[in-house]
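Structural overview
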Amino acid sequence: MTATAEQGAATGPAPAAEPIIEVSHVTCRFTSRRSETVALEDVSLAVRPGEFVTVAGPSGCGKSTLLKLVAGLVPATEGDVRLYGRPVTGPQREIGFAFQRSALLEWRGVRRNILLQAEMRGMDRRRAEERADRLIELTGLTGFEKALPHELSGGMQQRVALCRALLHEPRVLLMDEPFGALDALTREQMNTEMNRIWRETGTTVVLVTHSVPEAVYLGSRIVVMSPRPGRIVEILEPGLPEHREYGPTLADPRFAAAAARLRDLLGASHAPE
Amino acid sequence: MVTSREARPTAVALLAEGWRPVAVLLALFAVWWFVAWRELVPAYLVPSPGAVAETMAADWAMLLEHTWVTTLETIVGFALAAVIGVAAAVLLVYSRTAERSLYPLILFAQVIPKIAIAPILVVWFGFGMTPKIVLAVLIAFFPVVVSAVAGLRSVDPELLELSATMGASRWKTFRKIRFPGALPQLVSGLKVAVTLAVVGAVVGEFVGADRGLGYVLLLASGNLDAPLLFADLLLMSLIGVVLFVLVEVLERLLVPWHASRRTGLALATV
């Protein structure tokens, strides 16, 4: 199931059926002096190892909060979050996290930005460098190793962020609308690449998006959320093959059905109550 | 896919960009020369450029010595202000308590006319270099603190979250993310600070000194020695300009990634 057995050893045995991420009855409230915002309400979700789960919903429905909850960056007000079977109480380091904006260090070139991950974790320098070079090749960044972020296009910046998130071979990759700022064509390319990387690495991925095609194309399961307070409305499982060519997949009736259903659900949740 | 790097200012570009201020400077110089030559103003008020040059040539050994004293006071004062200012900024940014109790006081202290403190400093520290350096520190400290605090606070919160998911220590986060990210703003604060440090040193010398350009200025003023006054003033300005350019060079070394994004002349960034 998971190719990266080394990292898994520390986290205990996880039979294929056991969820790798488990969110149970989580409610998340943010209170400021004036108001109280309920970002998530009674959300439960289990992600199995090797799955690619996409979370779709309108803006401000708490999708990002859900990811940050799993990463331990935001505490749950009520309920329980577990990662690798252990309760999440603080920032988790056995994950890869990719942000909406690429969050690159402006003063570092591509390669050194990717290697930040290794420096922060105190990974073996030589091995990290080899891995970085492989990832640079895998994502087509060869030739840009020394380029500074402001010299790169948005798509390339996101590729760098992706490489950085994958450098330490995390078993779980959390992505917060990573391709939201890209133009439609670049986004399709990134989606195709993302599908390939997922298949090649066997990483468990949770990706938040508000794009219907992206959610359906990438996800083995699609979690649909309602506007604030965020609740899970439905979980779609179109049953598409793991290997997906962009064009043929979009023409697949299962894709069309799932996309139509997702659009319906999102549209319905937009309607005034 | 990749946008081209901004063209570096070559000698040609420098000439193309830099001729305007030089032309204005030459024009001002011509006016000065004309005024002195036609004796529109008596020579004891505005000496001719020639007379100033003669004074400089005749008294160069004396002037050099005093210039060195003022330069040294300025550099030491500036360096101390930079170190203390950055340290204070780190404390203010990392400690809520320090921020609440100290930052308002630092801002308030800026209201005190520090030049008025100079006589007290002379009483405390005597006539040596110390009161001049202290005054330079007091004046130059403020822009350093303010720019460093702003720089350290400007960090992208997502970078801090990223750092948390990497399990990085606070020190590593500071060293690899926060501090380098604060450098562009810090350096612009240092540029202001270095010119203020010159003011601090000179004012310190006004109040009580037996050496330095400020002392020479008072002496020349007492003797109504206009050429010496003007020569002295030119040297003071020269100290400021040279130190400012040195900080610019430092900026190019420390934050080349930031400098490379800007266009135009190095000096055009104040």
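Just so it is clear, the model here is predicted, and its values are computed rather than measured. (Residues numbered from 1 in each chain as written. Chains lettered and ligands numbered in written order. Predicted model: local features only at pLDDT ≥ 70, side-chain atom pairs only at ≥ 80, totals over all residues.)

1. Considering the overall build of chain A
Each helix and strand counted, chain A has nine helices and 10 strands in total. In terms of C-alpha radius of gyration, chain A reaches 18 Å, essentially the compact-globule figure of 19 Å for 273 residues. Overall, chain A is about 55 × 45 × 45 Å in size when its C-alpha atoms are taken along their principal axes. With 273 residues in all, chain A has 46% of them scored as buried. (Helix = DSSP H or I, 4+ residues; strand = E, 2+ residues; numbered from the N terminus. Rg over C-alpha atoms; globule rule 2.2 N^0.38 Å. Buried ≥ 20, exposed ≤ 12 C-beta atoms within 10 Å, placed from the backbone.)

2. Topic: helix α4 (residues 96–109) of chain B
Residues and elements named next belong to chain B. Spanning 14 residues, α4 covers 20 Å between terminal C-alpha atoms, matching the ideal 20 Å at 1.5 Å per step. Along its length, α4 shows its largest kink, about 35 degrees, at L102, and proline P104 lies within four residues downstream of that point. Burial analysis of α4 places just zero of its 14 residues in the buried class, a small minority of the element. (Expected span 1.5 Å × (residues − 1). Bend = angle between axes of the 7 residues up to and from the residue.)

3. Thoughts on the packing of helix α3 (residues 60–94) of chain B against helix α10 (residues 226–254) of chain B
A pair of packed helices can be characterised by two numbers: the angle between their axes and the separation between those axes. All names here are of chain B. Where α3 contacts α10, the axes come no closer than 11 Å and their chain directions differ by 40 degrees. The angle between α3 and α10 places the two elements in the oblique class. The way α3 lies across α10 gives a crossing that is right-handed. Contacts from L63, T67, T70, T71 and T74 of α3 reach α10 at A231, L235, I239 and L243. (Axes fitted to C-alpha atoms, helices over the stretch in contact; angles between N-to-C directions. Parallel < 35°, antiparallel > 145°, perpendicular 65-115°, else oblique. Left-handed = near helix turned anticlockwise from the far one by under 90°. Contact = placed C-beta atoms within 7 Å.)

4. Points about the domain arrangement of chain A
All names here are of chain A. Domain assignment breaks chain A into domain 1 (14–95 + 170–270) and domain 2 (104–169). Taking only C-alpha atoms, the centre of domain 1 and the centre of domain 2 are 24 Å apart. Taken together, the contact pairs 11 residues of domain 1 with 10 residues of domain 2. When residues of the side of domain 1 that touches domain 2 are assigned to their parent elements, the largest contribution, five residues, is made by helix α6 (residues 184–201). Taken together, the residues that form the side of domain 1 that touches domain 2 break down as eight nonpolar, two polar and one charged. (Domains from an automatic or database assignment. Nonpolar A, V, L, I, M, F, W, Y, C, P; charged D, E, K, R; others polar.)

5. Here's the deal with the UniProt feature "transmembrane region" (unreviewed entry) in chain B
Residue and element names in this part refer to chain B. The residues that UniProt annotates with the feature "transmembrane region" (unreviewed entry) are residues 12–35, 75–94, 106–127, 133–152, 186–208 and 228–250. Secondary structure across residues 106–127 comprises 55% helix and 0% strand; the distance between its end C-alpha atoms is 27 Å. End-to-end, the C-alpha atoms of residues 133–152 are 27 Å apart, and along that stretch the chain is 100% helix and 0% strand. (UniProt positions renumbered as here; feature names shortened; annotations may be inferred.)

6. What about the sheet that holds strand β2 (residues 36–47) of chain A?
Residues and elements named next belong to chain A. Pairing within the open sheet is antiparallel, and its four strands lie in the order β2-β1-β4-β5. Each having just a single partner strand, β2 and β5 (86–87) make up the two edges of the open sheet. One ladder, built from five bridges, connects strand β1 (residues 21–31) with strand β4 (residues 78–83); its direction is antiparallel. Each bridged residue has a counterpart across the sheet, and for I21 the counterpart in β4 is L83. This element, helix α2 (residues 63–71), spans β1, β2 and β4 of the sheet and lies at about 115 degrees to β1. (Pairing = 2+ DSSP bridges.)

7. A word on unusual backbone geometry
For residues besides glycine, phi is generally negative; the peptide bonds are generally trans as well. Residue and element names in this part refer to chain A. In this structure, E169 takes a positive phi of about 50 degrees despite not being glycine. Within the secondary structure layout, E169 lies in the loop between α5 (154–166) and β7 (172–176). Given 15 C-beta atoms within 10 Å, E169 falls into the partly exposed group. One non-glycine residue with positive phi stands out, namely E177, at about 40 degrees. Summarising the element assignment, E177 is placed in the loop between β7 and α6. Residue classification places E177 among the buried residues on the basis of 21 C-beta atoms within 10 Å.

8. Some remarks on the interface of chain A and chain B
Note: interface size is frequently given as the accessible area lost on complex formation between the parts. The partner chain B presents 21 residues to the 26 residues of chain A that form the contact. If one sorts the elements of the side of chain A that touches chain B by residue count, helix α3 (residues 110–121) of chain A sits on top with five residues. When the residues that make up the side of chain A that touches chain B are grouped by side-chain class, the tally is 16 nonpolar, four polar and six charged.

9. What to know about the sheet that holds strand β10 (residues 232–236) of chain A
By definition, the strands of a sheet pair up through backbone hydrogen bonds, in either a parallel or an antiparallel sense. Residue and element names in this part refer to chain A. Pairing is mixed across the open sheet formed by six strands, whose spatial order is β6-β7-β8-β3-β9-β10. On the outer flanks of this sheet lie β6 (96–98) and β10, each paired with one strand and no other. Sheet twist, expressed as the average angle between the axes of neighbouring strands with direction ignored, equals 15 degrees. Where strand β3 (residues 52–56) and strand β9 (residues 221–225) come together, four bridges link them in parallel fashion. Within the sheet, the bridge partner assigned to A56 lies in β9 and is V224.

10. Some points on the confidence of the model for chain A
As a general rule, the predicted coordinates of low-pLDDT regions are not to be interpreted in detail. Mean pLDDT for chain A: 85, with 92% of residues reaching 70 or above. Scored below 50 in pLDDT, residues 1–15 of chain A makes 25 contacts in the model with residues more than four places away or belonging to other chains. (pLDDT = per-residue confidence, 0-100.)

11. Looking at the UniProt feature "domain: ABC transmembrane type-1" (unreviewed entry) in chain B
The UniProt record marks residues 67–247 of chain B with the feature "domain: ABC transmembrane type-1" (unreviewed entry), using the residue numbering of this structure. The distance from the first to the last C-alpha atom of residues 67–247 of chain B is 19 Å, and the span holds 85% helix and 0% strand.

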